[in-house]
Structure formats: C-alpha cells, structure tokens
Amino acid sequence: MTTDHRAEAARLLALIGVDPSRTSGGDWTVTTPLTGRAMAGLPLASPDDVRAAVARVHAAFPAWAAVPAPVRGELVRRFGDRLREHKEALARLVTLEAGKILSEARGEVQEMIDICDLAVGMSRQLYGRTMPSERPGHRLMETWHPLGPVAIISSFNFPVAVWAWNTAVALVCGDTIVWKPSERTPLTALACDRLLAEVLTEAGHPDVHATVVCEREAAEVLLDDERVMLVSATGSTAMGRIVGPRVQQRFGRTILELGGNNAAIVAPSADLDLVTRGALFAAAGTAGQRCTTLRRLIVHEQVADEVTDRLVAAYGRLRIGDPWEREDVLVGPLVSHAAYDAMQRALERAAAEGGTRLVGGERFAMPAPDYDEARYVEPAIVAMTDQTDVVREETFAPLLYVLRYADLDEAIALNNAVPQGLASSIFTRDVREAERFMGPLGSDCGIVNVNIGTSGAEIGGAFGGEKETGGGRESGSDAWKAYCRRATNTINGSDELPLAQGVEF
Ligand code: UN1
C-alpha cells in the first residue's frame, strides 16, 4: 500500500495554514501523478469570480503603488522568510502535485526564495537613466512606475517557482496580481497564496494579490479585461497563440514563456564526463517535463558513438519510481496519461521517420496495483539521421533525439532549425567554438550555455526565449522593466523656453 496522499496533502496544507474550506467540497478533483488517484477536491472559480478578483486587485493598486519600492521589498523579504520556514512542506506538496522528485521540488522552492532575495535588492535599484538635453538648463530622465494589475498564468511543471519569479518582481515594481495556476496544481498555489496573504494582510494590503483556480473560460476573463495591464503566461505554444493576439488586441502587454526544443552540441574536444552528466540531468531530469529539458543532442561524428554508449549506460542506471516512497529515485511519473500517450506517438513517428531507438520508451512497470492509473516511463534516446518533423516538435516527456554533425556550421544550423528558441548549449574545450555559438550568428535561443546542459537556469539572469517560445523575459537582470510603465521626463530648470530641434514658434 502506498502513502495516503489525500491525508498527506491535507496535513501539509494544514501545516502551512491553508483554510480547509478552500481545498474541499468542490467539483474539481486534484489527482497526484504519483498514483493517478484523487487527492483533493475543490471549487473552481467562475468567470464572475475572476472578474471580482480583478476588480479587487485593481482597487488595491493605487494604495500599493504609493508604497515606496523598498518598503514593498521588505514585504517580499518577509515572504521569502515564510518560504524558508515552510520549504519542506511546500516541496512535499510540489512532489505530490507535480510528481517531481523531492530534491528537485526543494530546488524549486529554493528558486522562489532566491528570487525573493533578488527582488529585495531590486526594490532599491529600479534605476532610470538621466540623459543630456540638447537645450540649455534642461534635463532628460526616465522614471519606472508601477504598471497596474498583472495576471500570471502558470503551468503544472513549475507550479510555484515561475509564479514566484513574476510575483516577487511585480510586487517590488508596485503591481497587483491575479494568479491563475495550472488546474493540475492548485494545492501548491493555495499554499503559496496563504503564505503571501499572511505577509500582505499583516502589512495592511490584503487585496494586492488574488489566486483563482479556474478552467479556460474563466481564465479568458484575464485576457480580455482592460484593467489587466500585463499577462505573463507560461505554457504551450498553442496556448500562447491564443493569449498573445487576444491581449494585444486591446493593447495589453504579454510576457510569453512557451515551448522549447532545446539542443546541446557536443564538439570533438568536449569533456565527455561533463556531457554525460549534463545531458542525463537535462534530458531525463524532471521526467523530461521542463521547458528547458534537453530534447536534441547534436554530436560530432568523431565522438558520437562514445557519447551515445555512455548515455545509454547512464540511462540504464537511472532509478525510476515513486519519489515519495524512495528518495533515491531520479525519475518520477509523467503528469498524465495524455503525456504518456504523446510520448508513445512521438516514438512511433520517430521510428517511421528513420529513427533507431537506443534505449527506453517503455512504460515502467510499477510494483503495486496502486499505480495502475499512474504513468511512469523509461526515459528514451532515439538516434535520428535527419532532423525530421517529429524532432522539430516539442514532446513534453523524457525523449532525447541524437543527431550527428561533421562541422560546427552544420551543428549551429541544426540547433536553430526548429520553431522554438528557448535554451541551448555547447560542450567544447575550444574557446573559438564557444564564442561562435554565443555570437550573433550562433545559437538563436534566449539561453545559450557553455559546458553545462540546457536546464536549471539561475534566477539572476533574464529567463525566456525567441521565436515560438514567445519572446518574453522573466526573473533577473532587467526583466523587471516589463512589469513597469516607463515615463520619459523633460525638465526645464531655466527661465527660457527653447524648443527642441531649433524650432522657432
Ligand atoms: C519551466 O520549465 O517552465 O531553467 C521553467 C530551469 C528552471 C525553470 C524552468 N529554473 O530549468
């Protein structure tokens, strides 16, 4: 008999202080990917509920925007403290709801803590520039102001970290927030909502954020409501194709973090120990369910056999199983039957398009009937002779395609010849190759790494990608600017009124 997940979820939610009425009694069933069985039920928000949430955070905006940014930063610091306190409980909820291994779930909560720390510093560094004016006694400068209510739409695979990237930064920028988490992971969302609510309520700003667990029709309110100034959405490219134009239609802003089809190039000089570990984690970690997961390995023909032999051997040693029951498991379940079916379809297509399966792809046989409704799978590697249609698509599962190349131009062209542009990497000891890959005619992705895999980005950098990945940037560096309204100020400190460009009037 496996753990009673329903009881565990209730216990963890109680520890965090979530009101039990929020996670019981509704029609919506939350299942755990660990067994595929029901773990909780909760009510879904209606379109009217979402409109009410928008109205609430919209009304709270002026008072929040008037709070000095460093004071907002102090509240984000307190939220980070709450996360530290509840790190283990939150991580365990992430494992229950998303199925990722505990080490990665703890890493995800750590990512939330890290972004809070960064945002606290940011709150004193929302710098605008001052520019010289062409007119005597004049000055030009820019000011970054709060933008307004922001909607955050997040996905099951990083149920809390991606929300935190957006939230911590948006809060210090002075925005208010409506969060629409994945319907698969509402419990972790309500747990985070509770921790943030404690801090903001204590500070007298209870309506600065709202969390709405809802289905598509209700979520669409966030796209169409003109009070929502920015929609930051993480998910599939198909979702982004709806969100982008719909919000743009009313001149709202978007940050889109959509599909990835991430590649690593392995050059002949690469350190193959790094390649094996880096590719193993990037391709099989999180059961292939990161947007940054390594999906294509582009290997120089001189080292291709050795690299594939080593990887196949490493895949053979991967421990697959229920990460709740065994902490030494490295690959947990896929999130759903649909994810498993999509992987099987991709494997069939890859075979039809000339691929040779080197390892994996089978449903992993779990020891007890408790797991009949879950979908565990052996991570797969498929050797391809060409970058065919199926390789150019993102299959959100642990399925790695291996391609060979003869010269670096060809490898870079393969890296770029997919519709998505999120993460990429090169393994090489040749600094010239690394520079070319990072250069203007190198990788066309938003993330371009050297001698590490494609996944596991740190929060300090701007996160996001090009082309079908959507073009948005979140998290560190100057990504905060997307959450602000920029004003350009021209200030005349003289007694004259000269016009720009020498105009006489
Ligand atoms: C995602 O999968 O949506 O870079 C985000 C990474 C993580 C974030 C992934 N820090 O893999």
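Above this text you will find the structure in question.
Presented here is an overview of the structure given in this document.

Thresholds, definitions, all that
- Throughout, residues of each chain are indexed from 1 in the direction in which the sequence is written.
- With the structure being a predicted model, the display of local features is reserved for residues of pLDDT at least 70 and the display and counting of side-chain atom pairs for 80 or more, all residues being used for whole-chain, interface and lining totals.
- Water and hydrogen atoms play no part in the side-chain values, which are based on all heavy atoms of the structure.
- Here, strands pair whenever DSSP counts at least two bridges between them.
- Numbering of helices and strands runs from the N terminus, with a helix taken as a DSSP run of H or I at least four residues long and a strand as a DSSP run of E at least two residues long.
- To define axes, lines are fitted to C-alpha atoms, for helices over the stretch in contact only, and angles between the resulting N-to-C directions are given on a 0 to 180 degree scale.
- Here a residue-residue contact requires only that any non-hydrogen atoms of the pair lie within 4.5 Å.
- Being near a molecule or strand, for a residue, comes down to having at least one heavy atom within 4 Å of it.
- Between N or O atoms, a polar contact is any pair within 3.5 Å; within protein, one atom must be a potential hydrogen donor and the other a potential acceptor, and residues adjacent in sequence are included only when both atoms are from side chains.
- Using a 1.4 Å probe, the Shrake-Rupley method yields the accessible areas, and only the shown protein chains count as cover for residues.
- Each residue is placed in one exposure class: buried if its accessible area under a 1.4 Å probe, protein chains only, is under 20% of its type's maximum, exposed if it is over 50%, and partly exposed if it falls in between.
- One less than the residue count of a helix, multiplied by 1.5 Å, gives the span that helix is expected to have.
- Arc definition: it is the arc formed by the directions from the helix axis to the C-beta atoms.
- Cavities and pockets are defined on a 1 Å grid built over the protein atoms alone: a cavity is a set of grid points where a 1.4 Å probe fits but cannot escape, while a pocket is an open set with protein on both sides within 12 Å along at least five of seven lines, and lining residues are those with an atom within 4 Å of any such point.
- Grid points are joined across faces, edges and corners, and a volume is the space filled by probe spheres set on the points.
- Throughout, the ten residues Ala, Val, Leu, Ile, Met, Phe, Trp, Tyr, Cys and Pro are labelled nonpolar, Asp, Glu, Lys and Arg are labelled charged, and all others, Gly among them, are labelled polar.

This part covers the sheet that holds strand S8 (residues 230-234). Reading across from one edge, S7-S6-S5-S8-S9 is the order of the five strands in this open sheet, with parallel pairing throughout. With one partner strand each, in any of the chains shown, strand S7 (209-211) and strand S9 (253-257) form the two edges of the open sheet. Strand-to-strand twist in this sheet, taken as the mean axis angle between neighbours without regard to direction, amounts to 15°. Helix H9 (residues 237-249) contacts S8 and S9 of the sheet and is inclined by roughly 170° relative to S9.

Moving on to the environment of Thr29. Here Thr29 is to be found in strand S1 (residues 28-32). Put simply, Thr29 and Glu226 are 197 residues apart on the chain and 31 Å apart in space, counted from C-alpha to C-alpha. In contact with Thr29, other than residues within four places in its own chain, are Ala38, Ala40 and Gly41.

Inspection of the region around the ligand gives Glu111, Asn157, Phe158, Trp165, Arg290, Cys291, Thr292, Ser455, Gly456, Ala457 and Phe463 as its neighbouring residues. Between the ligand and Asn157 there is a distance of 3.0 Å, counted from an oxygen atom to a side-chain nitrogen or oxygen. A distance of 2.7 Å separates an oxygen atom of the ligand from a polar atom in the backbone of Ala457. A total of 320 Å² of accessible area belongs to the ligand in isolation, and the protein chains cover 99% of it.

Moving on: unusual backbone geometry. Excluding glycine, residues mostly have negative phi values, and the peptide bonds linking residues are mostly trans. Although it is not a glycine, Phe251 sits at a positive phi angle of roughly 60°. By the secondary structure assignment, Phe251 is in the loop between H9 and S9. A residue is classified by how much of its surface remains accessible, and Phe251, at 74% relative accessible area, is exposed. The phi torsion at Gln501 lies on the positive side, around 60°, for a residue other than glycine. Looking at the secondary structure, you find Gln501 in the segment after strand S21 (484-492).

This paragraph deals with helix H3 (residues 69-85). With 17 residues, H3 extends 24 Å from end C-alpha to end C-alpha; this agrees with the ideal 24 Å at 1.5 Å per step. Of the residues making up H3, those classed as buried are Ala69, Arg72, Gly73, Leu75, Val76, Phe79, Gly80, Arg82 and Leu83. The buried residues of H3 occupy an angular sector of 160° when projected down its axis, which confines them to one face. At its buried positions, H3 is contacted by helix H2 (47-65), helix H4 (87-98), helix H5 (102-122), strand S4 (138-146), helix H6 (161-173) and helix H7 (186-202).

Among the seven residues in strand S14 (residues 399-405), six count as buried, and that is most of the element. Pairing between strand S11 (residues 294-300) and S14: five bridges, direction parallel. Bridging across to S14, Arg296 finds its partner in Tyr401. Where strand S13 (residues 380-383) lies against S14, four bridges are found, and the strand directions are parallel. Note that in S14 the partner of Ala380 across the bridge is Leu399.

Our focus in this paragraph is the layout of surface pockets. The space that makes up the largest pocket amounts to roughly 1100 Å³. Forming the boundary of the largest pocket are 41 residues, of which Ser155, Thr234, Gly235, Ser236 and Met239 lie nearest the centre. Listed by contribution, the elements that provide at least two residues to the lining of the largest pocket are S1, helix H8 (216-224), H9 and helix H12 (337-352). When the residues that make up the lining of the largest pocket are grouped by side-chain class, the tally is 20 nonpolar, 12 polar and nine charged. Roughly 510 Å³ of internal volume is contained in the second largest pocket. Only H5 and helix H10 (272-284) provide two or more residues apiece to the lining of the second largest pocket. For the lining of the second largest pocket, the element with the highest residue contribution is H10, accounting for eight residues. Of the residues assigned to the lining of the second largest pocket, the class counts are 10 nonpolar, seven polar and three charged.

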